[in-house]
Amino acid sequence: MSFEPRIIGFLCNWCSYAGADLAGTSRKKYVPNVRVIRVMCSGRVDPSFIVKAFQLGADGVLVCG
Amino acid sequence: MASVRSHENIEMMTYSEVTDVSGYVGNFKVKIRRKPRYVDESKCTGCGTCQEKCPIKAGNEFDVGLGKRKVIYTPFPQAVPNMPVIDREHCTYFLRGKCRACEMFCEAKAIDFEQTERIDEIDVGCIIVTTGFDSFDPSVMTQFGYGQYDNVISGIQFERMSNASGPTGGKLLLKDGSTPQSVAILHCIGSRDVNYHEYCSRVCCMYSLKFSHLVREKIPDAEIYQLYIDMRCFGKGYEEFYERLQEEGINFVRGRAGEITNIAEEPGEEGKLVVLVEDTLVRRKRRIPVDMVVLSTALEPQADAGEVARQFSISRSKDGFFMEKHPKLDPVATTTDGVFVAGCCQGPKDIPDTVAQAAAAAARVLAMINKGNVEIESAIAAVDKESCSGCKTCLTLCSYNAISFTEEMKVAVINEALCKGCGTCAAACPSGAIISRHFTTQQIMTQLEGVLV
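Being a predicted model, the structure only gives us computed values, none of them experimental.

### Remarks on the overall build of chain B
Across its full length, chain B carries twelve helices and 23 strands. Taking 22 Å as the expected radius of gyration for a compact globule of 453 residues, we find that chain B reaches 28 Å, considerably beyond that expectation. Dimensions along the principal axes, computed over C-alpha positions, put chain B at roughly 90 × 70 × 40 Å. Per-residue burial for chain B yields a buried fraction of 44% across its 453 residues. Contacts in chain B between residues at least 24 apart in sequence constitute 61% of all its contacts with a sequence separation of at least 6. When the 51 basic and 60 acidic side-chain charges of chain B are each reduced to a single mean position, those positions are 3 Å apart.

This is the structure in structure tokens:
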């Protein structure tokens with residue numbers, strides 16, 4: 001079985017989340033490995049969120065903003 | 001303009017400049033620099049005697065270098081208010097301390113050389129920014145020889161020349177005073193060009209067509225050439241106008257001009273400007289000899305658009321024009337609540353579009369005034385006063401200056417009208433006293449558990 005990483009993506013509401021949304025409306029396909037959590041700004045991402053994600057078994061964390 | 005000035009609910013401030021804007025929707029404080037015009041507005045009757053008597057002339061900015069004006073002047077006949085201003089840089093009295101001819105002849109005693117600049121501060125609820133555009137300077141495109149050849153003129157210069165109150169009294173004239181027998185109008189100067197502006201300026205096709213029509217009207221037997229990339233006649237009645245001009249015998253050449261030269265190579269080119277172009281419809285290079293060339297220049301953001309954007313907290317799009325909140329769903333508002341945009345400062349547009357956008361902006365402001373209160377976002381930050389230690393970490397981090405510190409309670413206070421809900425303060429607060437509503441730590445942790453466990 002191939003390795004399928006589980007990645008948590010904290011996406012800024014105004015840019016990267018809007019981009020992910022646009023990818024959806026433009027019917028572009030992308031791999032489902034990134035699980036998106038919307039934040040109002042990447043500044044909202046507390047380091048403890050990242051630690052918590054790894055604790056819960058995430059293989060990677062993406063902070064976009 | 002005149003009826004706007006006489007409206008009881010409108011105060012018009014001309015010859016003035018906004019220097020500072022602070023506050024937020026419903027509570028803006030605006031500082032305005034009132035420049036001295038050296039004419040007392042309460043006394044001047046606009047009779048124009050001072051302009052007749054003034055002995056000094058300077059270049060007329062409104063005629064783009066084609067004409068002269070007096071040093072005490074109104075920029076153009078319909079200017080509102082109909083009161084002159086003294087051009088301090090050219091006035092003999094300001095330069096050498098002598099003359100005062102205008103003061104001597106003014107019956108209303110309205111000339112006041114002692115006037116000084118003053119700063120007015122006003123409170124306003126909303127702001128509509130309508131600062132317009134600049135015209136692209138075609139002299140940087142040296143292949144067209146603007147500023148080098150006498151009879152290569154810009155669109156705005158043509159416009160002044162064809163105006164009955166303009167420097168030539170409405171006559172189309174070459175530099176030597178004779179009438180041109182052939183005119184070439186070059187589209188897209190500075191527009192649709194990766195080296196200058198990539199965007200289409202939207203108005204040039206139509207004003208170029210209008211110019212052709214004016215030339216045909218004033219000089220019926222003139223040869224007129226339109227050199228275009230694509231004709232973009234998008235508005236109501238515009239395509240019909242294009243059709244009409246085709247019937248008026250205008251030569252439409254599909255191709256972007258490469259160069260203008262005065263070197264004659266073939267008979268009939270002597271003493272003329274030769275436009276070099278590839279006619280892409282017949283796939284042939286052409287040399288078109290003409291007497292006059294009009295460059296249809298691009299619309300570009302005002303030179304100080306960056307500074308104005310900073311003052312009003314407006315963002316700018318890649319092309320430098322002010323950015324609207326949403327290109328399709330909210331083309332009038334900006335990302336700053338209470339600040340609206342209209343006209344060419346937001347992007348190139350023609351008169352009907354400008355009028356529509358301006359009316360929309362006015363309606364949006366009136367709706368807010370009528371309502372009397374402002375709805376704010378629910379997803380904003382709040383401080384738990386009990387847990388706030390008063391460390392002031394959040395104060396420096398807030399990009400919107402929405403957090404202040406109360407000395408009596410020693411805690412941070414969030415201005416709910418200014419807070420955009422970004423949550424940076426909540427993430428940074430060492431004591432966890434700031435709650436980012438709808439994005440609380442607990443909510444995000446639960447989401448993490450939801451997607452991972």
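Having seen the model, we can carry on.
### Examining the overall build of chain A
For chain A, the count of helices and strands is two helices and three strands. A total of 65 residues make up chain A; the buried ones form 29% of that total. Within chain A, contacts between residues at least 6 apart in sequence are counted, and of these 77% link residues at least 24 apart. Approximately 4100 Å² of chain A is accessible, and the part contributed by carbon and sulfur atoms is 60%. Put simply, chain A has 8 plus and 4 minus side-chain charges, and the middle of one group is 6 Å from the middle of the other.

### Observations regarding the packing of helix H6 (residues 204-218) of chain B against helix H7 (residues 238-247) of chain B
Residue and element names in this part refer to chain B. One way to put it is that H6 packs onto H7 with a least axis distance of 10 Å and a crossing angle of 35°. Relative to H7, H6 is oriented so that their crossing is left-handed. Contacts from Met-206, Leu-209, Lys-210, Ser-212 and His-213 of H6 reach H7 at Tyr-238, Phe-241, Tyr-242, Arg-244 and Leu-245. Here the residues of the contact of H6 with H7 sort into six nonpolar, two polar and two charged.

### Considerations on the side chain of His-187 of chain B
Mapping His-187 of chain B onto the fold places it in strand E11 (residues 182-189). In contact with His-187 of chain B, other than residues within four places in its own chain, are Cys-205, Ser-208, Gln-226, Leu-227, Tyr-228, Met-231 and Ser-296 of chain B.

### Here's the deal with the nonpolar core
Residues and elements named next belong to chain B. Ranked by internal contacts, the top residues of the largest apolar core, which has 32 residues, are Phe-158, Leu-209, Val-215, Met-231, Phe-252 and Val-294. Residues contacting Met-231, with those up to four places away along its chain left out, are His-187, Cys-205, Leu-209, Tyr-242 and Phe-252. Phe-144, Tyr-149, Tyr-225 and Leu-227 belong to the second largest nonpolar core, which has 22 residues in total.

### Quick word on the packing of helix H5 (residues 155-162) of chain B against H6 of chain B
Residues and elements named next belong to chain B. Across the interface, H5 lies against H6 with an axial gap of 11 Å and an inter-helix angle of 35°. Relative to H6, H5 is oriented so that their crossing is left-handed. Taken together, the residues of H6 that come into contact with H5 (itself represented by Gly-155, Phe-158, Glu-159 and Ser-162) are Tyr-207, Lys-210, Phe-211, Leu-214, Val-215 and Lys-218. Split into classes, the residues belonging to the contact of H5 with H6 amount to five nonpolar, two polar and three charged.

### Describing the pairing of strand E16 (residues 284-290) of chain B
Residue and element names in this part refer to chain B. In terms of strand pairing, strand E15 (residues 273-279) meets E16 through seven bridges, oriented antiparallel. Considered in E16, the bridge of Leu-276 is made with Arg-287. A loop of four residues connects E15 with E16, the two strands running antiparallel in sequence, and Arg-283 in this loop sits at a positive phi of about 50°.

### What to know about the sheet that holds strand E10 (residues 152-154) of chain B
Residues and elements named next belong to chain B. Spatially, the five strands line up as an open sheet ordered E10-E17-E11-E12-E13, and their pairing is parallel. Strand pairing shows two members of the sheet lacking a second neighbour, E10 and strand E13 (251-254), which therefore form its edges. Averaged over all pairs of adjacent strands, the angle between strand axes in this sheet comes to 20°, irrespective of strand direction. Inspection of the sheet shows strand E12 (residues 223-228) paired to E13 by four bridges, in the parallel sense. When the bridges of E13 are listed, Gln-226 appears paired with Phe-252. Here H5 sits on the sheet in contact with E10 and strand E17 (292-297), set at roughly 90° to E10.

### Details of the interface of chain A and chain B
Contacts between the two partners involve 19 residues from chain A and, on the opposite side, 19 residues from chain B. Interface of chain A and chain B: buried area, both sides summed, is about 1800 Å²; carbon and sulfur atoms make up 69% of it. Put simply, chain A and chain B have one salt bridge between them. Note that Lys-52 of chain A is salt-bridged to Glu-449 of chain B, the shortest N-O span being 3.7 Å. Connecting chain A to chain B are four residue pairs in polar contact (both at pLDDT 80 or more). Those elements that provide at least two residues to the side of chain A that touches chain B are strand E1 (7-12), strand E2 (34-39) and helix H2 (47-55) of chain A. Looking at the side of chain A that touches chain B residue by residue, the class counts come to eleven nonpolar, two polar and six charged.

### As for the environment of Glu-52 of chain B
Within the secondary structure, Glu-52 of chain B is located in helix H2 (residues 49-53). For the pair Glu-52 of chain B and Asp-87 of chain B, spaced 35 residues apart in sequence, the C-alpha separation works out to 15 Å.

### Remarks on the side chain of Thr-261 of chain B
Residue and element names in this part refer to chain B. Structurally, Thr-261 is set in strand E14 (residues 257-261). Within the structure, the side chain of Thr-261 is placed 3.0 Å from the backbone nitrogen of Ile-263, a separation counted as a polar contact. Residues contacting Thr-261, with those up to four places away along its chain left out, are Tyr-149, Lys-272, Leu-273, Val-274 and Leu-276.

### Concerning the sheet that holds E16 of chain B
Residue and element names in this part refer to chain B. Within the open sheet, the three strands sit side by side as E14-E15-E16. Their pairing is antiparallel. The sheet is open, and its two edges are formed by E14 and E16, each paired on a single side. Pairwise comparison of adjacent strand axes, ignoring direction, gives a mean angle of 20° for this sheet. Sheet topology places E14 next to E15; four bridges connect them, and they run antiparallel. Following the sheet pairing, Ala-257 is matched in E15 by Val-277.

### What about the domain arrangement of chain B?
Partitioning chain B into structural domains gives domain 1 (2-115), domain 2 (134-299) and domain 3 (381-452). A separation of 51 Å is found between the C-alpha centroids of domain 1 of chain B and domain 3 of chain B.

Criteria and thresholds
Residues numbered from 1 in each chain as written. Chains lettered and ligands numbered in written order. Predicted model: local features only at pLDDT ≥ 70, side-chain atom pairs only at ≥ 80, totals over all residues. Heavy atoms only, no water. Helix = DSSP H or I, 4+ residues; strand = E, 2+ residues; numbered from the N terminus. Rg over C-alpha atoms; globule rule 2.2 N^0.38 Å. Buried < 20%, exposed > 50% of the residue type's maximum accessible area, 1.4 Å probe, protein only. Contact = heavy atoms within 4.5 Å. Lys, Arg positive; Asp, Glu negative; His and termini not counted. Charge placed at Lys NZ, Arg CZ, Asp CG, Glu CD. Areas by Shrake-Rupley, 256 points an atom, 1.4 Å probe, with all protein chains shown as cover. Axes fitted to C-alpha atoms, helices over the stretch in contact; angles between N-to-C directions. Left-handed = near helix turned anticlockwise from the far one by under 90°. Nonpolar A, V, L, I, M, F, W, Y, C, P; charged D, E, K, R; others polar. Core = buried A, V, L, I, M, F, W, Y, C linked by side-chain atoms within 4.5 Å. Pairing = 2+ DSSP bridges. Buried area = accessible area lost by both parts, 1.4 Å probe. Salt bridge = Lys/Arg side-chain N within 4 Å of Asp/Glu carboxyl O. Polar contact = N/O pair within 3.5 Å; in protein donor to acceptor, adjacent residues only side chain to side chain. Domains from an automatic or database assignment.

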